[in-house]
Amino acid sequence: LYPAIAVWENVMGAFSTNDRMDFRAVLSAFSDTEVPMPPSGRWGNAGMVRGGTPDVCWRLMDAQYWAGSRRLARRQRIFVVADFGGRRAADILFKPRPMLPLPPPCGEGGWAAAEGDRTASFETGRQIPVIHPFQCFRMRGAAKRQEETAFRNSFGLPTDPFPTLLASDVTPFAFWYEGDPEGGCIRFLTETESERLMGLPEGWTKYGADGVEIRPLQRYKALGNAIALPCADYIMAGIYEVLADRAGKEE
């Protein structure tokens, strides 16, 4: 009976490590057979190994596309799903299904923040903050090449996704108030902002299992190592769906 379903997750680089043989070893281990390399010599962003037991599928998922109207950080991760009880891996990993809503951002006291479109600062009576990702690698390359336009663009373009949160460093971003870009600055994300970018509830990493408050550095590290919640929700919803369907048929 067990395991019924197995899920394997890793960074996008697992496609290419060890001359692309590491990912082949993962698929071969799950499927208990020698999986050939694709004719192109490269692993596709999605695929399956079908024919024996278990049924195996993989997919590269980027969290920035899994939040609807909310903005998440770029986070490309490979997910492999192995079904030991049938041919349901594709239903789990490829089937469109509704996603769980992200937890709402909170204001003071934990109350939900106001909804609605942005409005001009003179209508709200206060300044409107503008937040763009700060592209560190782009800035360093532009500075080295002495490219002024590219250097300015490193302070954030509206179309830039937030870069992947790292376990080894805190992610900076460009911040200024609407109408006053000259008065802007570069600052680091707070722990709460990092949780939002991963699709997690606010305060999710604030306390340990023993109720003791966790240090900020450890919270950043945990979030940098975490799986984006919407991607995990989608896969777990698929597992629940196929197992519930099987249980219904057995009854």
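Residues numbered from 1 in each chain as written. Predicted model: local features only at pLDDT ≥ 70, side-chain atom pairs only at ≥ 80, totals over all residues. Heavy atoms only, no water.

## What about the sheet that holds strand E3 (residues 55–62)?
Spatially, four strands are ordered E1-E4-E3-E2 in an open sheet, and the strand pairing comes out antiparallel. Among the strands making up the open sheet, the edge pair consists of strand E1 (5–11) and strand E2 (46–49). Here the average twist between neighbouring strands, direction ignored, is 15 degrees. Relative to strand E4 (residues 76–83), E3 runs antiparallel, the two being bridged by eight bridges. For aspartate 62, the partnering residue across the bridge sits in E4 and is glutamine 76. Most of the contacts of helix H1 (residues 21–31) go to E3, to which it runs at about 140 degrees, and overall it touches E1, E2, E3 and E4. (Pairing = 2+ DSSP bridges. Helix = DSSP H or I, 4+ residues; strand = E, 2+ residues; numbered from the N terminus. Axes fitted to C-alpha atoms, helices over the stretch in contact; angles between N-to-C directions. Contact = heavy atoms within 4.5 Å.)

## Overview of the pairing of E2
Because side chains alternate across E2, one face comprises the buried residues Gly47 and Val49, and the other comprises Ala46 and Met48, none of which is buried. Bridge count for E2 against E3 is four bridges, and the pairing is antiparallel. Residue pairing for E3: valine 49 is matched across the bridge by valine 56. A loop of five residues connects E2 with E3, the two strands running antiparallel in sequence, and glycine 51 in this loop sits at a positive phi of about 145 degrees. (Buried < 20%, exposed > 50% of the residue type's maximum accessible area, 1.4 Å probe, protein only.)

## A closer look at helix H7 (residues 216–224)
Every buried residue belonging to H7 is among Arg219, Tyr220, Leu223 and Gly224, and all of these are buried. Seen along its axis, H7 keeps its buried residues to an arc of 135 degrees; they face one direction. In this fold, the buried residues of H7 make contact with helix H6 (191–197). (Arc of directions from axis to C-beta.)

## Comments concerning the packing of aromatic side chains
On inspection of all chains with the given rule, the structure shows eight aromatic pairs. Note on phenylalanine 162 and phenylalanine 173: the rings are 6.4 Å apart at their centroids and 70 degrees apart in plane angle, and the pair reads as edge-to-face. Pair noted here: phenylalanine 162 is in the loop between helix H5 (148–153) and strand E6 (172–177) and phenylalanine 173 is in strand E6, with a separation of 11 residues, a long-range link. In this structure phenylalanine 162 comes out as buried when scored by relative accessible area, which is 7%. Aromatic side chains phenylalanine 175 and tyrosine 177 sit 5.4 Å apart centroid to centroid with 75 degrees between the ring planes, which places their arrangement in the edge-to-face category. Residue phenylalanine 175 is classed as buried on the basis of its relative accessible area, which comes to 16%. The rings of Trp8, Phe15, Phe23, Trp43 and Trp58 are connected pair by pair, giving a single aromatic cluster. Taking the ring centre of phenylalanine 175 as reference, the NZ or CZ of arginine 187 above it sits at 5.2 Å. (Phe/Tyr/Trp six-rings, centres within 6.5 Å; stacked < 30°, edge-to-face > 60°. Lys NZ or Arg CZ within 6 Å of the ring centre and 35° of its normal.)

## Considerations on the confidence of the model for the protein
In the predicted model, the protein carries a mean pLDDT of 84, and the fraction of residues at 70 or more is 87%. Residue range residues 108–124 is modelled with pLDDT below 50. Its contacts to residues more than four positions away, or to other chains, number 21 contacts. (pLDDT = per-residue confidence, 0-100.)

## Let's talk about the nonpolar core
Of all hydrophobic cores here, the largest spans 31 residues; its most connected members are Met61, Val81, Ile92, Leu93, Met198, Cys231 and Ile235. When contributions to this core are tallied by element, the ones reaching two or more residues are E3, E4, helix H2 (89–94), E6 and helix H8 (229–250). Among the elements that take part in this core, H8 stands out by supplying five residues, more than any other. With near-sequence residues (within four places) excluded, isoleucine 92 lies in contact with Ile5, Val81, Arg97, Tyr234, Ile235, Gly238, Ile239 and Val242. (Core = buried A, V, L, I, M, F, W, Y, C linked by side-chain atoms within 4.5 Å.)

## Description of the sheet that holds strand E5 (residues 129–133)
With antiparallel pairing, the three strands of this open sheet are ordered in space as E5-E6-E7. Two strands bound the open sheet, and with one partner strand each, they are E5 and strand E7 (180–188). Along the sheet, successive strands turn relative to each other by an average axial angle of 30 degrees, direction set aside. Bridge count between E5 and E6: five bridges; the pairing is antiparallel. Of the residues in E6, the one forming a bridge with histidine 132 is alanine 174.

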